[in-house]
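Structural overview for review
The residues making up each chain are set out below.
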Amino acid sequence: MTLAFPDYLILALYFGFVLGIGWRLKKHVSTSEDFLTSGRSVPVWITSLAFVAANLGAQEVIGMCASGAKYGIMTSHFYWVGAIPAMLFLGVFMMPFYYGSRARSVPEYLKLRFDEKTRGLNAITFALMTIFSSGISMYALGLLFQLVLGWSFTASVLLSAVIVLVYTYLGGLTSAIYNEVLQFFLVVLGFSPLAILAVAKAGGWKGITSRLSPVMTHAWTYTTSSSQNPMGVEWFGLIAGLGFVLSFGYWCTDFLVIQRALAANSMSAARRTPLIAAFPKMVIPFIVILPGVAAMALTQMNLGYTLPVKGASYDYDQVLPTLMAQFYPSGLLGVGLTALMASFMSGMAGNVTAFNTVFTFDIYQSYIRRNAPDSHYLWVGRWTTVVGIALSIGTAYLARLYNNIMDLLQLVFGFVNAPLFATFLLGMFWKRATGHGAFTGLLAGTGAATLTHGLTMAEGKGGWIGVVHVFPSTMAQNFWIAIVAWSVCFVVTIAVSLATRPRAETELRGLVFGLTETLNEPGLVWYKRPAVLAVVVGVICLLLNFLFW
């Protein structure tokens, strides 16, 4: 892959633009709330695009393209089953509690609903997860720089980290959100031509289906048994593990995405944020997954395109960069590379801004220094950004052990988000749930995930305690780890809650369903009502599932 002057010019313009956004917004950051929460002042169309873009980092762009090559069109389940239903549930039912409680973070909501120890446990586990996720983004761009520019992995990681550090340090969350909107448009413009060119070269969808096994081009047909499809998961594991536990666990409890909705300028805007974001989210598979499927067809056509090998398998993480090298001319290559770099930087910045908010408000202010001046917390927030990026560099090297970064990302979610969703489900919709039950349930759920990973093996990973079961794929193992973690947390939370004293109902108003005023907002035109938007999105999502059945 050789870059020409137009490619370098496009990259330079992008770097200048994102740094300019940070510099421009710096003067609007005078308090810790401005830096860490945007002061709840961002318009709904900005928060909606940032909501979907926050999950459109390098790990998704590169990882989903890799999964498209590895698992076929079944990868679309991460969107049409593993995202859209949970986004609808968040907007219709859960955002009123988050936004109405005035919580600055998800852990802070847990404190209001349960108690301090539950907040502390979630704050620590979430902080660790964001560092892992940020490191995966850094690893993805390190690979890209190494492939495109021939730089060493270390030099690539350090340079990209510095760029993200500067604009996040200057403008905080608002800077990250506006850069995510820019990144969304860059991803669409940068990768849509690649999807069109790769599919066309493979002979269109008809040509792809004629060259690949049918299991690679159907989403549901081969899910009756785990042995019938490359993902190695049956329909129950897919729906329960991905569609329910992992999906709702991520979209409904992960502060990284919820933080974007909390930055909206009204309750109505906060509720509509995930619902409006669902429309572009449904289209993303055609941009990031379809090229991966086409790549596997192209490898069988003897046209000069082949995937690099890693161990006994393909290096699936190289699908997107190698397709760009194959199909993009000068100029368009610069747009594609800029889109990749933008996806990396927004993904990393999203994780870092979530990390610095949780650390500053939920760890530092709560346990280290409670009553400091606001200027002190602003200073802590800025320097936590520096520390978060430094820690992410270390986790970038851990990601090199996997040949598909989505496998690693889903494993992390299984340990943290899966039990957390059980806690939130009970906390928001069962007033009898107690702080002792929530805390014990979270510990038990994470412990169950650890035990399941240690006793099972998939693709040579896991089984560090002993092997009692072998899964056909890492993804199948991840789904069942999530199912076990959620189930254990759910049962333990109920059992302990029934044995301990609940809080008075007067303390739970605005935090629990049934003890909160009506969710309907008067005066909204029909197309702005959350229920209407949810029905429209749900119908379109069902049609897409049937189209690729």
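The structure this text deals with has already been given above.
So, here is what we can say about the structure in this document. Bear in mind the structure is a predicted one, so any value in this text is a computation, not a measurement. (Residues numbered from 1 in each chain as written. Predicted model: local features only at pLDDT ≥ 70, side-chain atom pairs only at ≥ 80, totals over all residues. Heavy atoms only, no water.)

Re the overall build of the protein
The helix and strand tally for the protein stands at 21 helices and five strands. Computed over its C-alpha atoms, the radius of gyration of the protein comes to 22 Å, within 12% of the 24 Å expected for a compact globule of 549 residues. The principal-axis extent of the C-alpha atoms belonging to the protein is close to 70 × 55 × 50 Å. Buried positions account for 63% of the 549 residues belonging to the protein. Nonlocal contacts in the protein, meaning residues at least 24 apart in sequence, comprise 82% of its contacts between residues at least 6 apart. Side-chain charges in the protein split into 31 positive and 20 negative, and the spacing between the mean points of these groups amounts to 3 Å. (Helix = DSSP H or I, 4+ residues; strand = E, 2+ residues; numbered from the N terminus. Rg over C-alpha atoms; globule rule 2.2 N^0.38 Å. Buried < 20%, exposed > 50% of the residue type's maximum accessible area, 1.4 Å probe, protein only. Contact = heavy atoms within 4.5 Å. Lys, Arg positive; Asp, Glu negative; His and termini not counted. Charge placed at Lys NZ, Arg CZ, Asp CG, Glu CD.)

Focus: the sheet that holds strand 3 (residues 456-458)
If you trace the three strands from one edge of the open sheet to the other, you get 4-3-5, paired in mixed fashion. Of all the strands in the sheet, just strand 4 (461-462) and strand 5 (469-470) have a single pairing partner and so form its edges. Pairing of strand 3 with strand 4, which is carried by two bridges, proceeds in the antiparallel orientation. Bridge pairing in strand 4 links M457 to G462. Lying over the sheet, helix 19 (residues 435-455) contacts strand 3, strand 4 and strand 5, oriented at roughly 65° with respect to strand 3. (Pairing = 2+ DSSP bridges. Axes fitted to C-alpha atoms, helices over the stretch in contact; angles between N-to-C directions.)

Looking at a nonpolar patch on the surface
On the surface, F5, L9 and L13 cluster together into a nonpolar patch covering about 350 Å² of accessible area. With respect to the helices and strands, L9 occurs in helix 1 (residues 5-26). You can call L9 partly exposed: its relative accessible area is 40%. (Patch = residues over 30% accessible without salt bridge, like charges linked within 9 Å, V, L, I, M, F, W, Y side chains within 5 Å. Areas by Shrake-Rupley, 256 points an atom, 1.4 Å probe, with all protein chains shown as cover. Salt bridge = Lys/Arg side-chain N within 4 Å of Asp/Glu carboxyl O.)

Considering helix 7 (residues 106-113)
Within helix 7, six of the eight residues are buried, which leaves the element mostly enclosed by the surrounding structure. All of the buried residues along helix 7 are V106, P107, E108, Y109, L110 and R113. The N-cap residue of helix 7 is S105: its side-chain oxygen and the backbone nitrogen of E108 are 3.2 Å apart. (Polar contact = N/O pair within 3.5 Å; in protein donor to acceptor, adjacent residues only side chain to side chain.)

Regarding the packing of aromatic side chains
Tallied over the full model, the rule gives 31 aromatic pairs. An angle of 45° between the planes, with centres 5.9 Å apart, marks the rings of W80 and F286 as tilted. Taken together, the residues W80 in helix 5 (residues 77-80) and F286 in helix 13 (residues 267-288) connect sequence positions 206 residues apart. Overall, the relative accessible area of 3% leaves W80 in the buried class. The class for F286 is partly exposed, based on a relative accessible area of 30%. Cluster of aromatic residues (ring-pair linked, three or more members): F89, F93, F97, F244, F248, F421, F429, W486, F490 and F513. (Phe/Tyr/Trp six-rings, centres within 6.5 Å; stacked < 30°, edge-to-face > 60°.)

Some remarks on helix 3 (residues 44-53)
The buried fraction of helix 3 amounts to nine of the ten residues, a majority that puts the element mostly inside the structure. In this structure, the buried residues of helix 3 make contact with helix 6 (84-100), helix 9 (153-201), helix 11 (235-251), helix 12 (255-262), helix 13 and helix 16 (332-368).

Here we look at the packing of helix 13 against helix 21 (residues 530-547)
Two elements in contact, helix 13 and helix 21, have axes separated by 9 Å at closest approach and are oriented at 15°. By the angle between their axes, helix 13 is roughly parallel relative to helix 21. Seen along the crossing, helix 13 lies across helix 21 with a hand that is left-handed. Contacts between helix 13 and helix 21 involve R271, R272, L275, I276, A278, F279, M282 and F286 from the first element and P530, L533, A534, V536, V537, I540, C541 and L544 from the second. Class assignment for the residues of the contact of helix 13 with helix 21 results in 14 nonpolar, no polar and two charged. (Parallel < 35°, antiparallel > 145°, perpendicular 65-115°, else oblique. Left-handed = near helix turned anticlockwise from the far one by under 90°. Nonpolar A, V, L, I, M, F, W, Y, C, P; charged D, E, K, R; others polar.)

Thoughts on the pattern of salt bridges
Taken as a whole and judged by the stated rule, the model has eight salt bridges. Between R503 and E507 there is a salt bridge, with its nearest N and O atoms 3.0 Å apart. Residue E507 is classed as partly exposed on the basis of its relative accessible area of 43%. Connected through shared salt-bridge partners, K111, E116, R119 and D362 make up one network.

Observations regarding the environment of L307
Residue placement: L307 occurs in the loop between helix 14 (290-298) and strand 1 (309-310). On the basis of relative accessibility, which here comes to 5%, the residue L307 falls in the buried class. Along the primary structure L307 and A295 are separated by twelve residues, whereas in three dimensions their C-alpha atoms are 8.1 Å apart. Not counting the four nearest positions on each side in its chain, L307 is found in contact with M296, T299, Y314, Y316, V319 and T322.

Overview of the side chain of T384
Looking at where T384 falls in the secondary structure, it is placed in helix 17 (residues 374-398). The contact partners of T384, leaving out residues within four places of it in the chain, are F355, N356, F359 and T360.

Regarding the environment of T273
As for its position among the elements, T273 is in helix 13. A C-alpha to C-alpha distance of 6.1 Å links T273 and V44, two positions 229 residues apart in sequence. Filtering out sequence-adjacent residues up to four positions away, T273 remains in contact with V44, T47, S48, F51, A261 and A264. A distance of 2.9 Å separates the side chain of T273 from the side chain of T47, its partner in a polar contact.

What about the state of the cysteines?
Scanning all chains against the criterion turns up zero disulfides. Unpaired in terms of disulfides, C252 finds its nearest cysteine sulfur in C541, a separation of 14 Å. On the accessibility criterion, C252 (0% relative accessible area) is buried. Cysteine C489 is unpaired, with the sulfur of C252 as its nearest cysteine sulfur at 15 Å. (Disulfide = S-S within 2.5 Å.)

Observations concerning the side chain of H376
Looking at where H376 falls in the secondary structure, it is placed in helix 17. Apart from the residues within four sequence positions on either side, H376 is in contact with Y364 and R369.

So yeah, pure geometry; function would need other evidence.
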